[in-house]
Amino acid sequence: MIKTPIVREGYIYIILLALITLITMWGLNIYWSIVPLVLTIFVTFFFRNPERNIVDDESLILSPADGKVMGVSEPFYEEEFLNREAVKVTIFLSIFNVHVNRSPISGEIKFREYTCGRFRPAYKASVTWENERHTIGVENGDLRIIVTQIAGLIARRIVSWVALGSCLKQGDRYGMIKFGSCTEIIVPKEVEILVKKGDKVKGGITVIGKVANS
């Protein structure tokens, strides 16, 4: 998985903005270069990829993303991968959050689906079925979960570093969404959800839920 301090997908943006800053500074003056310089700093900040101390505990389900919990759903029947009653936690990522996604549990990717769609603002409820998204299903013994990366208004590309059959450790980085987005995690209904709407979470750090009988 990608472990560099800056995600490699950000290099092209950083280099181009840095060149624009230098050209503006030399061709015009230092004051005109302030705007592209600020953008260069922000984009570098956006594509940051911090190291984190991950707790390896099979009884816990960790947050797949940094952001704010938009909601915890009522139980519903999930028929794509879990094939059982489930609960969904939706996390909104602002442009100031780390956008690298992490695996909530250890396991193998047994389901993967990329769906083309629209690019509506990620905080709208309809993005779940309207926007472009990338879904993986991770299996660890009897436990199955689903994590979906959803593109937003500005985020026009979802990046994945894994494939069907990839094995992930809890907290492993597996992809990112560019410039503002939403991440959903679906877990079995029996999982004890430990977050609520409005909570701030950190990928690989915040415990989303606790597996029953653990």
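Everything numeric in this text was worked out from a predicted model, so none of it was measured.

Novice: Whenever I open this one, the packing of helix α1 (residues 11-27) against helix α2 (residues 34-46) confuses me. Can you help?
Specialist: The angle between the axes and the distance between the axes are what describe a pair of packed helices. Contact pair α1 / α2: the axes reach a minimum separation of 8 Å and the direction vectors enclose 160°. Taken as axis vectors, α1 and α2 run roughly antiparallel relative to one another. Where α1 crosses over α2, the two elements pack in a sense that is left-handed. Packed against α1, whose contacting residues are Tyr13, Ile14, Leu17, Ala18, Ile20, Thr21 and Thr24, the element α2 presents Pro36, Leu37, Leu39, Thr40, Val43 and Thr44 at the interface. Taken together, the residues of the contact of α1 with α2 break down into 9 nonpolar, 4 polar and no charged.

Novice: Please clarify how the sheet that holds strand β9 (residues 158-160) should be interpreted in this entry.
Specialist: Pairing between sheet strands relies on hydrogen bonds along the backbone, with the strands arranged either parallel or antiparallel. The 3 strands are arranged β5-β11-β9 in an open sheet whose pairing can be described as antiparallel. Across the chains shown, the open sheet's two edge strands, defined by having one partner strand only, are β5 (100-102) and β9. The average undirected angle you get between the axes of adjacent strands in this sheet is 25°. In this structure, β5 lies alongside strand β11 (residues 173-177), joined through 3 bridges in antiparallel fashion. From the neighbouring strand, Asn101 faces β11, where its bridge partner is Gly175.

Novice: I keep staring at the pattern of salt bridges and nothing clicks. Help me out?
Specialist: Side chains that differ in sign of charge can pair as their charged atoms come close. According to the stated counting rule, one finds 8 salt bridges in the structure shown. Residues Glu139 and Lys110 are paired through a salt bridge, measuring 3.0 Å at the closest nitrogen-oxygen approach. In this pair, Glu139 is assigned in strand β7 (residues 133-140) and Lys110 in strand β6 (residues 107-115), connecting sequence segments 29 residues apart. According to the relative accessible area criterion, Lys110 is partly exposed, its value standing at 39%. Measuring nitrogen to oxygen at the nearest pair gives 2.7 Å for the salt bridge that ties Arg144 to Glu139. A residue is classified by how much of its surface remains accessible, and Arg144, at 28% relative accessible area, is partly exposed. Here the salt bridges share partners, and the residues they tie into one network are Lys110, Glu139 and Arg144.

Novice: I'm lost on α1 in this one. Help?
Specialist: Residues spaced three or four apart along an α-helix face the same direction, because each turn holds 3.6 residues. An ideal rise of 1.5 Å per residue puts 24 Å on 17 residues; α1 measures up with 24 Å between its terminal C-alpha atoms. Regarding α1, the residues found buried are Ile14, Leu17, Thr21 and Thr24. Down the axis, α1 shows its buried residues gathered within 100° of arc, on one side only. In α1, the exposed residues that point more than 90 degrees away from the buried face are Ile12, Ile23, Trp26 and Gly27. Where α1 is buried, its residues contact α2.

Novice: I would appreciate a short explanation of the side chain of Gln170 in the present structure.
Specialist: When you line up the elements, Gln170 lands in the loop between β10 (167-168) and β11. Relative accessible area serves as the criterion here: at 7%, Gln170 is assigned to the buried category. There is a polar contact of 2.8 Å between the side chain of Gln170 and the backbone oxygen of Leu60. Not counting residues up to four positions away in its chain, the partners in contact with Gln170 are Ile54, Val55, Asp56, Asp57, Leu60, Leu62, Ser103, Pro104, Ile105 and Ser106.

Novice: I would appreciate a short explanation of the packing of aromatic side chains in the present structure.
Specialist: The description of an aromatic ring pair rests on the distance of the ring centres and on the angle between the ring planes. This model, assessed by the stated rule, comprises 4 aromatic pairs. Taken together, a centroid distance of 6.2 Å and an interplanar angle of 80° make the contact between Phe42 and Phe96 edge-to-face. Placement of the pair is Phe42 in helix α2 and Phe96 in the loop between β4 (84-93) and β5, with a sequence separation of 54 residues. Residue classification places Phe42 among the partly exposed positions, given a relative accessible area of 23%. Note on Phe46 and Phe47: the rings are 5.0 Å apart at their centroids and 80° apart in plane angle, and the pair reads as edge-to-face. Here Phe47 falls in the buried class, since its relative accessible area comes to 0%. Three or more aromatic residues joined by ring pairs form one cluster here, namely Tyr13, Phe46 and Phe47. Looking at Arg48, its charged tip hangs above the ring of Phe45, at a distance of 3.7 Å from the centre.

Scoring rules and cut-offs
Residues numbered from 1 in each chain as written. Predicted model: local features only at pLDDT ≥ 70, side-chain atom pairs only at ≥ 80, totals over all residues. Heavy atoms only, no water. Axes fitted to C-alpha atoms, helices over the stretch in contact; angles between N-to-C directions. Helix = DSSP H or I, 4+ residues; strand = E, 2+ residues; numbered from the N terminus. Parallel < 35°, antiparallel > 145°, perpendicular 65-115°, else oblique. Left-handed = near helix turned anticlockwise from the far one by under 90°. Contact = heavy atoms within 4.5 Å. Nonpolar A, V, L, I, M, F, W, Y, C, P; charged D, E, K, R; others polar. Pairing = 2+ DSSP bridges. Salt bridge = Lys/Arg side-chain N within 4 Å of Asp/Glu carboxyl O. Buried < 20%, exposed > 50% of the residue type's maximum accessible area, 1.4 Å probe, protein only. Expected span 1.5 Å × (residues − 1). Arc of directions from axis to C-beta. Polar contact = N/O pair within 3.5 Å; in protein donor to acceptor, adjacent residues only side chain to side chain. Phe/Tyr/Trp six-rings, centres within 6.5 Å; stacked < 30°, edge-to-face > 60°. Lys NZ or Arg CZ within 6 Å of the ring centre and 35° of its normal.

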